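Analysis of the macromolecular model
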2 protein chains.
Amino acid sequence: MKIDPEKRTDLSAQIADAIREAIISGRLIVDERLPSEAELADQFDVSRPTVREALKRLAAQSLIRTQRGATGGAFVNRLSFEDAYSQQITTSTLLLSMNAVSFDTACEARYALERACAPLSAQRRSPDHLATMRAEIHRQSQPGLTDEAFCASDVAFHRALVDGAGNPVISYQLAGAVEAMQPLMNMITFTARDRAAIVSLHTAIADAIEAQDAPAADAQLAELERYTRQLARDVLAARAARVSGT
Amino acid sequence: MKIDPEKRTDLSAQIADAIREAIISGRLIVDERLPSEAELADQFDVSRPTVREALKRLAAQSLIRTQRGATGGAFVNRLSFEDAYSQQITTSTLLLSMNAVSFDTACEARYALERACAPLSAQRRSPDHLATMRAEIHRQSQPGLTDEAFCASDVAFHRALVDGAGNPVISYQLAGAVEAMQPLMNMITFTARDRAAIVSLHTAIADAIEAQDAPAADAQLAELERYTRQLARDVLAARAARVSGT
DNA sequence: GACTTTTAAATGTCTGACAAATGAAAATTG
DNA sequence: CAATTTTCATTTGTCAGACATTTAAAAGTC
């Protein structure tokens, strides 16, 4: 554990890689304590600040946690689903915004994956998830709601639908696909008519889930996808026309 | 940009959060240069090592890159799909291994999501993806292949299937679901008969994709899921019997 | 025995310094 | 003047040493 050749990368990056590899391979297990910073500095033959930079890299990925005090130190962290969710959402959001991913592409991905868990959701939906979906539908139909709040509620509705599948791995994988759409949807202005149409489709979806009617849920999701993509096309076209017509 | 209240978190974490927020919100755009470490230390009223720890945290998430020299510094990084892939895979793999996710749960998630992109893949599949699938099938049918290599080839086959959908967002979202299964699959020993059955199903899937027959692809994937889950159950049951019988 | 104090170990932070890389400006040369 | 070389300032990478803070266990006290 002291390999620092003449690579062209940072020492702190090399050390972080070495420790990360040890965690992934299982040589370091959950809740195991790493050597102290001073000991690591000795082992890798670098200074303590360099070790600290490496540890901060790992902390940023929630791979370790640190604790001060006599029995403190750096411990291998059990990566929780919650931690993974937020990382997933951050990465997905940035990926979409930085690579100019089209609304259409992101939308297609989102609905393709959501439709995949609709059958499971229909089969296993709990009263809890149904209540959340109904509550969000109610919020969406209230007048005076800002577009942003409408989008946020839309995301919450779809999250409940996904979580209804009762499979935490699916919930995790779809967290990014569902939440990263929000910034893109925020670019759309929803007319009262649009909102009514979406609320109606959401209601139909919730009804289908409640009735455990998977094919109906799939059909309504497909229709919602079609409507959303058409809406985005219209809004973008109108915006383009306004710009060129100035 | 100088808010460091009496929180109970690290200063470096607070600074990293502030800069990350600026990137996500768009106040810092791609390729923009951050102030030098000395300037950041001044602005946040902390020392340079503390700023450096914050920057390393961001670098670990590929949010920034650093460059030495006269015109160097830290730059907002365009998060590439490739970077996002590997982060996604690392996180998914750790999430599954650290939380004792059952084979069944992970398998259900993987196939539910894969089946979601089968129709798109059938519609858009390129000769490239088909060739990859055929090549992996061929590899899988060669005798003398280790179980590990067989699993790796299996992952490559499924990756090609997913990539065939031609939607980079889908490919990104599913990278974790597909690749994180590999360590779990590596715990299974495949008999010659098992391998033959899997190869046969893979061939049927590739045929369906080539024929652009989405329903057939879906059916074969469902069958492959059923077979894989049954296989895992059998292997685990046999292992449990052997342990209790000792 | 219960409570308080001390102490040691560990991380968090700071100061100051030097090394190395790198591009641009300045000096040199044909 | 143009091309090349040299110098140089800027910035990150690394190090050494120090002090502050937190924490739990050990020692001491009633």
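Residues numbered from 1 in each chain as written. Chains lettered and ligands numbered in written order. Predicted model: local features only at pLDDT ≥ 70, side-chain atom pairs only at ≥ 80, totals over all residues. Heavy atoms only, no water.

**Examining the packing of helix α4 (residues 81-98) of chain A against helix α4 (residues 81-98) of chain B**
Keep this limit in mind: To obtain each axis, a line is fitted to C-alpha atoms, and for helices this fit is confined to the stretch in contact; angles are then taken between N-to-C directions over 0 to 180 degrees. Helical segments are the DSSP runs of H or I of at least four residues, strand segments are the runs of E of at least two, and each set is numbered from the N terminus. Here the angle decides the label: under 35 degrees means roughly parallel, over 145 means roughly antiparallel, 65 to 115 means roughly perpendicular, and every other value means oblique. The criterion used for residue contact is that any of the two residues' heavy atoms lie within 4.5 Å. Throughout this entry, Asp, Glu, Lys and Arg are counted as charged residues, while Ala, Val, Leu, Ile, Met, Phe, Trp, Tyr, Cys and Pro are counted as nonpolar. The remaining residues, Gly among them, count as polar.
Where α4 of chain A meets α4 of chain B, the closest approach of the two axes is 11 Å, and the angle between their N-to-C directions is 170 degrees. Taken together, the axes of α4 of chain A and α4 of chain B lie roughly antiparallel to each other. Each of Phe81, Ala84, Gln87, Gln88, Thr91 and Leu95 of chain A in α4 of chain A lies in contact with α4 of chain B, whose residues at this interface are Phe81, Ala84, Gln87, Gln88, Thr91 and Leu95 of chain B. Among the residues forming the contact of α4 of chain A with α4 of chain B, the class breakdown is six nonpolar, six polar and no charged.

**Some words on the pattern of salt bridges**
Residue and element names in this part refer to chain A. The condition is simple: We define a salt bridge as a side-chain nitrogen of Lys or Arg found within 4 Å of a carboxyl oxygen belonging to Asp or Glu. Burial here depends on accessible area, computed with a 1.4 Å probe over protein chains only, as a share of the maximum for the residue type. Under 20% is buried, over 50% is exposed, and the range in between is partly exposed.
Under the counting rule described, the total for this entry stands at 44 salt bridges over all chains. Between Arg195 and Asp147 there is a salt bridge; the shortest N-O distance is 2.6 Å. Here Arg195 is found in helix α10 (residues 192-210), whereas its partner Asp147 is found in helix α7 (residues 147-163), with 48 residues between them in sequence. We classify Arg195 as buried; its relative accessible area is 14%. On the basis of relative accessibility, which here comes to 22%, the residue Asp147 falls in the partly exposed class.

**Re the domain arrangement of chain A**
Convention followed: The source of the domain bounds is an automatic or database domain assignment.
Segmentation of chain A into domains returns domain 1 (11-76) and domain 2 (81-244). Using only C-alpha atoms to locate each centre, domain 1 of chain A and domain 2 of chain A end up separated by 39 Å.

**Looking at the relation of the copies chain A and chain B**
Which entries qualify depends on this criterion: Least-squares fitting of one copy onto the other uses the C-alpha atoms of those residues that reach a pLDDT of at least 70 in both copies.
Overlaying chain A on chain B yields an RMSD of 0.1 Å, the required transformation being a rotation through 180 degrees with an accompanying axial translation of 0.1 Å. On the angle and the small slide along the axis, the relation comes out as a two-fold axis. In this assembly, 98% of the residues forming the interface of chain A have copies in chain B that are likewise at the interface, indicating an isologous arrangement.

**Section: the protein's contact with DNA strand D**
Our working rule: Throughout this document, a residue counts as near a molecule or strand when at least one of its heavy atoms sits within 4 Å of that molecule or strand. Identification of polar contacts relies on pairs of N or O atoms within 3.5 Å, with a donor-acceptor requirement for protein atoms, meaning one able to donate a hydrogen and the other able to accept it, and with residues adjacent in sequence counted only if both atoms are side-chain atoms.
The full set close to DNA strand D counts 24 residues, and Leu11, Thr50 and Arg68 of chain A together with Arg48 and Arg68 of chain B are the nearest of them. Near the protein, within 4 Å, the atoms of DNA strand D are sugar or phosphate in 75% of cases. Between DNA strand D and Thr50 of chain A there is a distance of 2.7 Å, counted from a phosphate oxygen to a side-chain nitrogen or oxygen. Note that a phosphate oxygen of DNA strand D is positioned 3.0 Å from one of the side-chain N or O atoms of Lys56 of chain B. Broken down by secondary-structure element, the contributors of at least two residues to the surface near DNA strand D are α3 (48-60) of chain A together with α3 (48-60), β1 (64-67) and β2 (73-76) of chain B. Ranked by residues supplied to the surface near DNA strand D, first place goes to α3 of chain B with three residues. Here the surface near DNA strand D is composed, by residue class, of five nonpolar, nine polar and ten charged.

**Some words on helix α2 (residues 37-44) of chain A**
Residue and element names in this part refer to chain A. How we decide: Directions pointing from the helix axis toward each C-beta atom define the arc.
Every buried residue of α2 is accounted for by Glu37, Leu40, Ala41 and Phe44. Taken down its axis, α2 places every buried residue within 105 degrees of arc, on the same side. Residues of α2 that are buried make contact with α1 (11-25) and α3. Two residues or fewer past α2, Asp45 is found with a positive phi of approximately 60 degrees.

**Some remarks on the nonpolar core**
This is how the line gets drawn: By nonpolar core we mean a set of buried residues, namely Ala, Val, Leu, Ile, Met, Phe, Trp, Tyr and Cys, connected to one another through side-chain atoms within 4.5 Å.
In terms of nonpolar packing, the biggest core is built from 159 residues, with Ile23 of chain A together with Ile23 of chain B touching the most fellow members. Beyond its immediate chain neighbours, meaning those up to four positions away, Ile23 of chain A contacts Leu28, Leu63, Ile64 and Val76 of chain A together with Leu94 and Met98 of chain B.

**Describing the interface of chain A and chain B**
Accessible area lost upon the coming together of the parts serves often as the stated size of an interface. Contacts between the two partners involve 49 residues from chain A, matched on the other side by 49 residues from chain B. Scanning the region where chain A abuts chain B turns up six salt bridges. Across the pair Glu108 of chain B and Arg124 of chain A runs a salt bridge, and its minimum N-O distance is 2.6 Å. In this assembly, chain A and chain B are joined by 17 residue pairs in polar contact (both at pLDDT 80 or more). Of all the elements in the fold, those that place two or more residues in the side of chain A that touches chain B are α1, α3, α4, α5 (103-124) and α8 (168-179) of chain A. Ranked by the residues each element gives to the side of chain A that touches chain B, the list is headed by α4 of chain A, at eleven residues.

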